[in-house]
Protein chains: 6
Amino acid sequence: MTNTPVVSLVEYENAPAQVRAVFDDIMVTRGSDWVNNFWKVLAHDPVLLLRTWESVKEVMAPGALDPLTKEMIYIAVSATNGCEYCTYSHTAGARAKGMTDAQLMEVMAVAGMANETNRLANGLRPPVDVQFTDG
Amino acid sequence: MTNTPVVSLVEYENAPAQVRAVFDDIMVTRGSDWVNNFWKVLAHDPVLLLRTWESVKEVMAPGALDPLTKEMIYIAVSATNGCEYCTYSHTAGARAKGMTDAQLMEVMAVAGMANETNRLANGLRPPVDVQFTDG
Amino acid sequence: MTNTPVVSLVEYENAPAQVRAVFDDIMVTRGSDWVNNFWKVLAHDPVLLLRTWESVKEVMAPGALDPLTKEMIYIAVSATNGCEYCTYSHTAGARAKGMTDAQLMEVMAVAGMANETNRLANGLRPPVDVQFTDG
Amino acid sequence: MTNTPVVSLVEYENAPAQVRAVFDDIMVTRGSDWVNNFWKVLAHDPVLLLRTWESVKEVMAPGALDPLTKEMIYIAVSATNGCEYCTYSHTAGARAKGMTDAQLMEVMAVAGMANETNRLANGLRPPVDVQFTDG
Amino acid sequence: MTNTPVVSLVEYENAPAQVRAVFDDIMVTRGSDWVNNFWKVLAHDPVLLLRTWESVKEVMAPGALDPLTKEMIYIAVSATNGCEYCTYSHTAGARAKGMTDAQLMEVMAVAGMANETNRLANGLRPPVDVQFTDG
Amino acid sequence: MTNTPVVSLVEYENAPAQVRAVFDDIMVTRGSDWVNNFWKVLAHDPVLLLRTWESVKEVMAPGALDPLTKEMIYIAVSATNGCEYCTYSHTAGARAKGMTDAQLMEVMAVAGMANETNRLANGLRPPVDVQFTDG
C-alpha cells in the first residue's frame, strides 16, 4: 500500500565504512554491481547487517544441499509467512540459479499442500504414530 | 499435552468400503502394511480423505522436482507452521527416501534463516527492488 | 510435551473476590459447574481475566451470526494458528451447541483449502482484480 | 508494493486447451464472464490449476455447511494468514452470496478474538481439561 | 497492491454519535486532532469499535510495563504476523513515545532471532527441560 | 504428544570438541552447570550450533534495549508462533532476569491484543495513513 520503508534506505555513498565493507562483500559474492533494498534498511544497525549477511552467506552455501534447493525452501517458507519482499527477492535468486517456472510451480504446489495438511492435523490432532518416533 | 484426537481414529476393520479403498491405495503406493493416524482421522469424511490423498499423491510424485526435495520443502513448511504431527511424519517420510541427518539440519538452517529475514523485511518494509520484477 | 502450565492454575478456593466474580459469571452464563483451565491461568491478572471474558461473551453472543457459526470460525482460526488448547476447547464448545462431526469435517476442509490457496496467492502474487475493489 | 505478479498472467486468448477448459468451467460454475487473476497465475501449471479448482469447487459446495458460512470461514482464515489477495476475493465472493457488512464485521470480531486467545493459551499453556477430551 | 479498504472509511462528519464519542476519546487520549484509518474501518461496527478501543487503551496504559516497552512488543508481534498497517502505525506510536532507531533495530533483531529459533525448536522438537517447569 | 525429539540429544560426554566448546561457552556465559535440550539437538550440526549460539548471545546482550526487555519480546514472539519449547525456555530466562508474574501477564496481554488488531487490519485493509510514513 505504501512504498516508503519504515527506516530510510542507506545508500553506499552515505554509508559508514563498516556498512560499505558488507555491501562490497555482497556485490563480490554475487558478482553483482548493486545491493538490494533489504540490506539498505538493515544498514541502520551495522552489527545486525554484518551478522545477517554472514549468516545468510553461510546458510545458503553449497553443503549437504545444493544452493538451488535451498533457495526453493526459502521461497516456500516466505510464501507461508506471507513476506512479499522475500517472495520476490528469493524467486529472483532462485531463477538466477537456474530455477524454471515448472520448478517454481511445484514448490508452490508442495508449499500449498503442506499448509493445508498442517491445518488438518492441527485441527483434528491425530496422535503421532509410534512408527515415526522409533529409533 | 493430550493424546486423544479431536475425532476418533477410524480403523480399517470398522471402515466403510470407500475408506478401505483409500487405505488400500495408501498402503500399496507406499509398499507398507499400515496406515498412519492422519488418514484415520480424515476418514470421518470419506470425500475429504479421498481428495486429500489423491492430491498429496499427485503433488509428491516425481516431476520437475524429485520426491526427496519435495519432502524437505514439506518439512520446512511444517516447522514454520509448528505442526508437530506433520514434522514427525514428513521427517520420517524424507528419511525413508534417503534424507541424511546432515540434510535435515540444513533444511532447518534454511527454514530458520528464512523465518528470521522474513520478519526483518516485514518489520522494516524495504520496497521491492525493480530488478526483481523486471521481465 | 509437558502438562505444567507456565503460571499456576488459580483455583476458586484460593481466588480473590474479583476473580471469583468472573468465575461465577462464566459458570452462570454457561449453565456449568466448573471453569476451564484457560480462565484459571488468566486469573493471575484479574483485569486481563475480566476484559477477556467480557470480550469473549460479547463477541460470541447471537448477532448477525449465530453462536454455532461463530464457534466454527473460532475452530478454523485455532487450527490455522496451531493452538492445541483452543482447538479442544472450541470444538467442545461447538459440539455443545450442536455441531455434528460432518460439520466439523467441513470446517476443517474449508480451513485446509484456505490455508493452501492463501500460500499459492502469497507466493505467486496475482494483482487484486479491480472487480473486487469496485464500490 | 508492486503490482507485478511473480509469474505472468495467462490470458484466455493465449491459454492451451487444458487451461481454457478450466477457465470455461470456472465461468460456467459462477455464471460469470471473466476469470480472476488467481487462476491466471496458477495456469502456468495446468495440473495444479485443475486440481486446485476441482478441490475448491468440491469444498465450497453446499454440504453440512452452506456456501456462505464456508466463505466466511475462508475470510477468517485469510485474515489470520494476512493474505491480501484472498481477503479481497473471498470478501467479494461472500458478498455475492449475500453477506452483509454486519456479518463481515462479526466474522472479523470472532477472528480477532480467536487470534488473541490463541496466543494467551499458547503463552500460558493451560493443560487441556479432561472434560474436553472425554468421549 | 490496492489502496481501497475492504469496507469504506467512516469519517467523523458522517459518523453516528456512538462512533463520534469513540473518535473524540481517541483524540483526547492521544492529544491529537485526527483519527487513523484503523478506527475508521472498525466504525462500521460501533460495538467492535468501542470494545477494541477500550481494550487497547487499557492494555497499553502504564502498568508493570511502561508504554514504550509495550509498543515495542506490539511492533515485534506485528512484524511476526506480517501486518503492514500495524507495523507502520505502531512504529509511529513507539517513535512518538521516544523510541530511537537504535531501539527499533534491536526490536527487529530480537524478533528475527526468535522467529528463527522458534522454527529450529519446532522442527527438531527438543523435550522441554524439567528445569524450565520446576516450581 | 511425544517426548522423543526428531534427532537425538547430543550429550556433553559424547560430543566432539567443537560442540563441547560451545556447550562450555553457554555454561560460562550463563553461570550455569547444564545445557538445555535446544542446544543438544542443534549439536548435530556444529556449524549451525555455533552460529545460532553466537547470534543469540550477540542479540540478547545489553544494548539500546536491556536484556529483560529483549526476553519479553522473545516470549511475545514465541507465543505468537505457538512454539512450546521456546515459551518455556524464554519465560524461565526472563524470570531468571527478574521478570515478575505481573510483567509476564502484561506481555501476554499486549501480545494477545496485537494478534487481535493485526487481523482486524489484515481483514479490513485500511490504507496506511500518510501521517505514519511522513519523514
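Residues numbered from 1 in each chain as written. Chains lettered and ligands numbered in written order. Predicted model: local features only at pLDDT ≥ 70, side-chain atom pairs only at ≥ 80, totals over all residues.

> Please clarify how the overall build of chain A should be interpreted in this entry.
Secondary structure assignment for chain A yields seven helices and zero strands. Moving toward the C terminus, one meets the helices and strands of chain A in the order α-α-α-α-α-α-α. Relative to the globule expectation of 14 Å for 135 residues, the C-alpha radius of gyration of chain A, 19 Å, shows a markedly less compact shape. Across its three principal axes, chain A shows a C-alpha extent of roughly 55 × 35 × 35 Å. Considering chain A as a whole, with its 135 residues, one finds that 56% of them fall into the buried category. By sequence separation, contacts in chain A at least 24 residues apart represent 57% of the contacts at least 6 residues apart. (Helix = DSSP H or I, 4+ residues; strand = E, 2+ residues; numbered from the N terminus. Rg over C-alpha atoms; globule rule 2.2 N^0.38 Å. Buried ≥ 20, exposed ≤ 12 C-beta atoms within 10 Å, placed from the backbone. Contact = placed C-beta atoms within 7 Å.)

> Whenever I open this one, the interface of chain D and chain B confuses me. Can you help?
Quite often, the size of an interface is put as the accessible area lost when its parts meet. Across the contact, nine residues belong to chain D and nine residues belong to chain B. Ranked by the residues each element gives to the side of chain D that touches chain B, the list is headed by helix H3 (residues 46-60) of chain D, at three residues. Tallied by class, the residues present in the side of chain D that touches chain B amount to three nonpolar, four polar and two charged. (Nonpolar A, V, L, I, M, F, W, Y, C, P; charged D, E, K, R; others polar.)

> In this structure, what is going on with the environment of valine 107 of chain C? I would like to understand it.
As for its placement among the helices and strands, valine 107 of chain C is situated in helix H6 (residues 101-124). When the C-alpha atoms of valine 107 of chain C and isoleucine 73 of chain C are compared, they prove to be 8.0 Å apart, with 34 residues separating the residues in sequence. Residues in contact with valine 107 of chain C, not counting those within four places in the same chain, are Met72, Ile75 and Ala76 of chain C together with Ile73 of chain D.

> Mind showing me how you'd approach the relation of the copies chain E and chain F here?
A rotation about an axis combined with a shift along that same axis relates the two copies of the chain. Under the fitted operation, chain E is carried onto chain F by 0.0 Å of movement along the axis and a turn of 180°, and the coordinates agree to an RMSD of 0.0 Å. The superposition of one copy onto the other is thereby described by a two-fold rotation axis. When the interface residues of chain E are mapped onto chain F, 100% of them are again interface residues, pointing to one common binding face. (Least-squares fit on C-alpha atoms with pLDDT ≥ 70 in both.)

> Would you mind going over the domain arrangement of chain A with me for this structure?
Per the domain assignment, the segments making up chain A are domain 1 (1-48) and domain 2 (61-125). For domain 1 of chain A versus domain 2 of chain A, the distance between C-alpha centres works out to 25 Å. (Domains from an automatic or database assignment.)

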